[in-house]
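Okay, here's what each chain looks like letter by letter:
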Amino acid sequence: MTSSSAPSRKALSKIACNRLQKELAEWQLNPPTGFKHKVTDNLQRWVIEVNGAPGTLYANETYQLQVDFPEHYPMEAPQVIFLPPAPLHAHIYSNGHICLDILYDSWSPAMTVSSICISILSMLSSATVKQRPVDNDRYVKNCKSGRSPKETRWWFHDDKV
């Protein structure tokens, strides 16, 4: 599956390749609970199956994340989106874009794909109601031309959902 919001694809740097190979090997030995990497031959794009945590609004539901790694990963954050259908959540737009600070302003090269996944599952698990962001329709309409979520100026103001 592909996404219309795929970033321009430059080849991964040697540092990025080495880091991703290390992360993939670690993932295969010790995957984060509730996640499954769908194996492909493309190191630059991972598709990850997300299983909703038991006892949450998303229990027994399965979604897919698409993770696109930039040339200079981990110095630059990957683009992470949900493939359709995206879960109903106040910080997840219907086009799959995720409003989560660690994917943008708070990214650190110390983070890994596993830590991103755990943060996303935590965000889903803490939800008390299934709903789209209040500005979903306007945002998705503005993204029709294939805009990447990394081109959005996110306003991180609500950590209660």
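Residues numbered from 1 in each chain as written. Predicted model: local features only at pLDDT ≥ 70, side-chain atom pairs only at ≥ 80, totals over all residues. Heavy atoms only, no water.

Thoughts on the pattern of salt bridges
Here's step 1: The tally for this structure, following the rule as stated, stands at four salt bridges.
Here's step 2: The partner of R45 in a salt bridge is D68, and the shortest N-O contact between them spans 2.5 Å. With R45 in strand β2 (residues 45-51) and D68 in strand β3 (residues 62-68), the pair connects residues that are 23 residues apart, well separated along the chain. Here R45 matches D68 in class, with each residue buried.
Here's step 3: The salt bridge partner of K130 is E61, with a shortest N-O separation of 2.4 Å. (Salt bridge = Lys/Arg side-chain N within 4 Å of Asp/Glu carboxyl O. Helix = DSSP H or I, 4+ residues; strand = E, 2+ residues; numbered from the N terminus. Buried < 20%, exposed > 50% of the residue type's maximum accessible area, 1.4 Å probe, protein only.)

What about unusual backbone geometry?
Here's step 1: The omega torsion across Y73 and P74 is 5 degrees, close enough to zero to call that bond cis.
Here's step 2: Tracing the backbone shows P74 in the loop between β3 and β4 (79-82).
Here's step 3: Looking along the chain, the bond that leaves P84 and enters P85 is cis, with omega of -5 degrees.
Here's step 4: Along the chain, P85 turns up in the loop between β4 and α2 (113-125).
Here's step 5: Phi angles above zero are rare outside glycine, and N60 is one such case at about 65 degrees.
Here's step 6: Position of N60 relative to the elements: it lies in the loop between β2 and β3.
Here's step 7: A relative accessible area of 81% places N60 in the exposed class.

Quick word on the confidence of the model for the chain
Here's step 1: In the predicted model, the chain carries a mean pLDDT of 87, and 84% of its residues have values of at least 70.
Here's step 2: Every residue in residues 1-7 is under pLDDT 50, and counting partners more than four places away or in other chains gives 22 contacts. (pLDDT = per-residue confidence, 0-100. Contact = heavy atoms within 4.5 Å.)

Points about the sheet that holds β4
Here's step 1: One open sheet holds the four strands; their spatial order is β1-β2-β3-β4, and the pairing between them is antiparallel. Lying at the two open borders of the sheet, with one neighbouring strand each, are β1 (35-38) and β4. Averaged over neighbouring strand pairs, the angle between their axes works out to 25 degrees when direction is ignored.
Here's step 2: The strands touched by α2 are β1, β2, β3 and β4; relative to β2, the strand with the most contacts, the crossing angle is about 35 degrees. (Pairing = 2+ DSSP bridges. Axes fitted to C-alpha atoms, helices over the stretch in contact; angles between N-to-C directions.)

A closer look at the pairing of β3
Here's step 1: When you tally the buried positions in β3, you get five out of seven residues, the bulk of the element.
Here's step 2: By the bridge criterion, seven bridges tie β2 to β3 in an arrangement that is antiparallel. The residue bridging N51 from the neighbouring strand is T62, located in β3.
Here's step 3: For β3 and β4, the ladder comprises four bridges, and the chain directions are antiparallel. Note on β4: the bridge partner recorded for D68 is Q79.

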